[in-house]
Amino acid sequence: MEASMISIIVNGKEYAFSVGDGHGQVACSETLSFTLRERIGLTGSKESCGEGACGCCTVIMDGDAITSCNTLTLDCDGSSIVTIEGLEDPVTGELDPLQQAFIDYYAFQCGFCTPGIIMAAKALLNKNPHPNDDEIKEGLSGNYCRCISQYHVIDAVKYVAENSGGEE
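Peer 1: Help me out: how do you make sense of the environment of leucine 36 in this one?
Peer 2: Checked against the element boundaries, leucine 36 lands in helix H1 (residues 32-39). Distance in space between the C-alpha atoms of leucine 36 and valine 10 is 8.5 Å, their sequence separation being 26 residues. Ignoring sequence-local partners within four residues, the contact set of leucine 36 consists of Val10, Gly41, Leu42, Val59, Ser68 and Thr83.

And the structure:
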């Protein structure tokens, strides 16, 4: 059997994987979450429910927020993925304004769900730089926080939306 290959770009770096059931190969059933965390070592996104219901594993694929725990890596062939690790400035190491706003507005408690919420918010702001409250709530509706930090999250996203100058 001839091995097939897939490639994905993660945070600007291309990764190529052999597909199959052999050692080191990406199996047809492997999720993007597993690939990011176990193969590439990007552990910022968290896996919690494993069903795409909580949003902890949210990453941005080709501009859209997706849950990586229920996305097959094979379905990502040729796609560009951005994880929480990819938001900081690669030259200066400066946090993305959205990450800084989460810190400034105390928009987290335990922090487990925070990477997924930030990625969902980032995807929202990339498409709609100035969302209203209802649009923010809708954009984050797939993310669940047990610590009830949602009010601060909305404030942080609103701050970035109001101060981005439309460049987000």
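Peer 1: So what exactly am I meant to see when it comes to the sheet that holds strand E2 (residues 13-19) here?
Peer 2: Strand-to-strand pairing in sheets goes through backbone hydrogen bonds, with the strands running parallel or antiparallel. Pairing is mixed in the open sheet, where five strands are placed in the order E2-E1-E5-E3-E4. Of all strands in the sheet, those with a lone pairing partner are E2 and strand E4 (64-67), marking the two edges. Adjacent strand axes in the sheet meet at a mean angle of 35°, parallel and antiparallel pairs treated alike. Examined bridge by bridge, strand E3 (residues 58-61) and strand E5 (residues 80-82) share two bridges and lie antiparallel to one another. Looking across to E5, one finds that isoleucine 60 is bridged to valine 82. Running at roughly 30° to E3, helix H3 (residues 114-127) makes contact with E3, E4 and E5 of the sheet.

Peer 1: Please explain helix H5 (residues 150-163) as it appears in this structure.
Peer 2: Note on helix geometry: an α-helix contains 3.6 residues per turn, so any two residues three or four positions apart are oriented the same way. When the terminal C-alpha atoms of H5 are compared, their 20 Å separation across 14 residues agrees well with the 20 Å that a helix rising 1.5 Å per residue should span. Where H5 is concerned, the buried positions are Val153, Ile154, Ala156, Val157, Val160 and Ala161. The arc that holds the buried residues of H5, viewed along the axis, is 160°, so those residues lie on one side. Facing away from the buried surface of H5 by more than 90 degrees, the exposed residues are Tyr151 and Glu162.

Peer 1: Could you clarify how one ought to interpret the pattern of salt bridges in this entry?
Peer 2: Close approach of charged atoms allows side chains with opposite charge to pair. Considering all chains together, one arrives at four salt bridges under this definition. Residue arginine 39 pairs with glutamate 30 through a salt bridge whose shortest N-O separation is 2.7 Å. Across the pair lysine 158 and aspartate 133 runs a salt bridge whose closest N-O atoms are separated by 3.5 Å. Residue lysine 158 is located in helix H5, and its partner aspartate 133 is located in helix H4 (residues 133-139); the two are separated by 25 residues in the primary sequence. Residue classification places aspartate 133 among the partly exposed positions, given a relative accessible area of 33%.

Peer 1: Looking at this structure, how should I read the state of the cysteines?
Peer 2: Structurally, a disulfide amounts to a covalent bond that connects the sulfur atoms of two cysteines. Evaluated as defined, the whole model comprises zero disulfides. With no disulfide of its own, cysteine 110 has cysteine 147 as its nearest cysteine by sulfur position, at a separation of 3.7 Å. Under the relative-accessibility criterion, cysteine 110 is labelled exposed at 57%.

Peer 1: Honestly, the side chain of threonine 71 in this entry has me stumped. Any pointers?
Peer 2: Residue position: threonine 71 is located in the loop between E4 and E5. The buried category is assigned to threonine 71, whose relative accessible area is 13%. If sequence neighbours within four positions are ignored, threonine 71 has contacts with Glu30, Thr31, Leu32, Ile66 and Cys76.

Peer 1: What should I look at first to understand the packing of H3 against H5 in this one?
Peer 2: When two helices pack together, their arrangement is captured by the angle between the axes and the distance separating the axes. Packing of H3 against H5 leaves a shortest axis separation of 11 Å and a crossing angle of 35°. You can see that H3 and H5 cross each other, and the crossing is right-handed. Where H3 approaches H5, its residues Ile117, Ala121 and Leu125 are matched on the opposing element by Val153, Val157, Val160 and Ala161. Considered class by class, the residues forming the contact of H3 with H5 number seven nonpolar, no polar and no charged.

The rules behind each value
- Residues numbered from 1 in each chain as written.
- Predicted model: local features only at pLDDT ≥ 70, side-chain atom pairs only at ≥ 80, totals over all residues.
- Heavy atoms only, no water.
- Helix = DSSP H or I, 4+ residues; strand = E, 2+ residues; numbered from the N terminus.
- Contact = heavy atoms within 4.5 Å.
- Pairing = 2+ DSSP bridges.
- Axes fitted to C-alpha atoms, helices over the stretch in contact; angles between N-to-C directions.
- Expected span 1.5 Å × (residues − 1).
- Buried < 20%, exposed > 50% of the residue type's maximum accessible area, 1.4 Å probe, protein only.
- Arc of directions from axis to C-beta.
- Salt bridge = Lys/Arg side-chain N within 4 Å of Asp/Glu carboxyl O.
- Disulfide = S-S within 2.5 Å.
- Left-handed = near helix turned anticlockwise from the far one by under 90°.
- Nonpolar A, V, L, I, M, F, W, Y, C, P; charged D, E, K, R; others polar.

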